[in-house]
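# Geometric and topological summary
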Amino acid sequence: AGDFEQAAAAYEAALALHSDDAQAHFQLGMIRLQQNQLEEASDAFFAAAYINPTLAAPHLELARVAKKQHALVEAERHAQKATELDPTSHEAYCYLGFILHEQERFSEAVAAYEMALALKPDYAEALNNAGHALNRLDRYAEAAQHLRRGTELAPNLPEPFFNLGVAYFNCGAYPEALVALNQALALRPGWNEPRWWRALTWLVQGEFAKGW
């Protein structure tokens, strides 16, 4: 119901009775993460992982906490551990890809995203992230393939349309790039990056008045 303090108090009362309840520690950590109380969240997730070393979920959340703390090496370690403990977790592979992506290790990030997509082919977040990483690797046709599917699955998100516009531009498909970039701007009107790429697309096509 959104009453985090009452919920936290209930979990703390449960843990006062049974301090070895891994799920109670984990849920308390989720509440503290929602409240952006990162140290408290981290303590709770570590407790859950210590009590039940087979759980992947605490490591995935520890990766999120570490990312918020700008500790990317630690975030990568926990995300990798989550994939090892639960090789069926598309979410863990996608987040591992995101952490690798943040470190500009784009080839490794694409490999992690592809693992997520093998587990969940219609995973819009992984499709968009993979498309962006493929753009950074100059693999534009592959990027466009991922991003077209991403825009179909998440038509209300501007990021896949923007990344698709960039992929189309670099493939020389300028009309298609404009359509995608315009859609990104329709969904997020104040976003400057799609405006810049749209201007560049007009200039390349010789529409100098629009472009300048």
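Here the structure is a predicted model, which means the values were calculated and not measured.

Here the focus is the environment of E114. Along the chain, the position of E114 falls in helix α7 (residues 106–119). Measuring from C-alpha to C-alpha, the distance between E114 and L127 comes to 8.5 Å, with 13 residues separating the pair along the chain.

Under the counting rule described, the total for this entry stands at 6 aromatic pairs. Where F26 meets F45, the ring centres are 5.6 Å apart and the plane angle is 50°; that geometry is what we call tilted. Remark: F45 occurs in helix α3 (residues 38–51) and F26 occurs in helix α2 (residues 22–34); sequence separation between them is 19 residues. Each member of the pair, F26 as well as F45, is classed as buried.

Glancing now at the pattern of salt bridges. Summed over all chains, the structure comprises 12 salt bridges. For R105, the salt bridge identified is with E108, shortest N-O distance 2.9 Å. A relative accessible area of 25% means that R105 is categorised as partly exposed. On the accessibility criterion, E108 (41% relative accessible area) is partly exposed. One network of salt bridges, with partners in common, ties together E5, E12 and R32.

Each turn of an α-helix holds 3.6 residues, which means side chains three or four residues apart point in the same direction. If you check helix α8 (residues 124–136), its first and last C-alpha atoms are 19 Å apart, about what 13 residues at 1.5 Å a residue would give, namely 18 Å. Summarising burial for α8: 10 of the 13 residues are buried, a large majority. Where α8 is buried, its residues meet α6 (90–102), α7, α9 (140–153) and α10 (158–171). D138 lies just past α8 and shows a positive phi near 65°.

Contact pair α8 / α9: the axes reach a minimum separation of 8 Å and the direction vectors enclose 155°. Considering their axes alone, α8 and α9 lie roughly antiparallel with respect to each other. For the element pair α8 and α9, the recorded crossing hand is left-handed. Of the residues in α9, those touching α8 at A124, L127, N128, A130, G131, L134 and N135 are Y140, E142, A143, H146, L147, R149, G150 and L153. Across the contact of α8 with α9, the residue classes break down as 8 nonpolar, 5 polar and 2 charged.

Counted at 1.5 Å a residue, the expected span for α6 with its 13 residues is 18 Å, and the 18 Å between its end C-alpha atoms agrees. Among the residues making up α6, those that are buried are A92, Y93, C94, Y95, L96, G97, I99, L100 and H101. Taken together, the buried residues of α6 touch α4 (57–68), α5 (72–85), α7 and α8. Phi turns positive, to about 60°, at E104, one or two residues after α6.

About the cut-offs
Residues numbered from 1 in each chain as written. Predicted model: local features only at pLDDT ≥ 70, side-chain atom pairs only at ≥ 80, totals over all residues. Heavy atoms only, no water. Helix = DSSP H or I, 4+ residues; strand = E, 2+ residues; numbered from the N terminus. Phe/Tyr/Trp six-rings, centres within 6.5 Å; stacked < 30°, edge-to-face > 60°. Buried < 20%, exposed > 50% of the residue type's maximum accessible area, 1.4 Å probe, protein only. Salt bridge = Lys/Arg side-chain N within 4 Å of Asp/Glu carboxyl O. Expected span 1.5 Å × (residues − 1). Contact = heavy atoms within 4.5 Å. Axes fitted to C-alpha atoms, helices over the stretch in contact; angles between N-to-C directions. Parallel < 35°, antiparallel > 145°, perpendicular 65-115°, else oblique. Left-handed = near helix turned anticlockwise from the far one by under 90°. Nonpolar A, V, L, I, M, F, W, Y, C, P; charged D, E, K, R; others polar.

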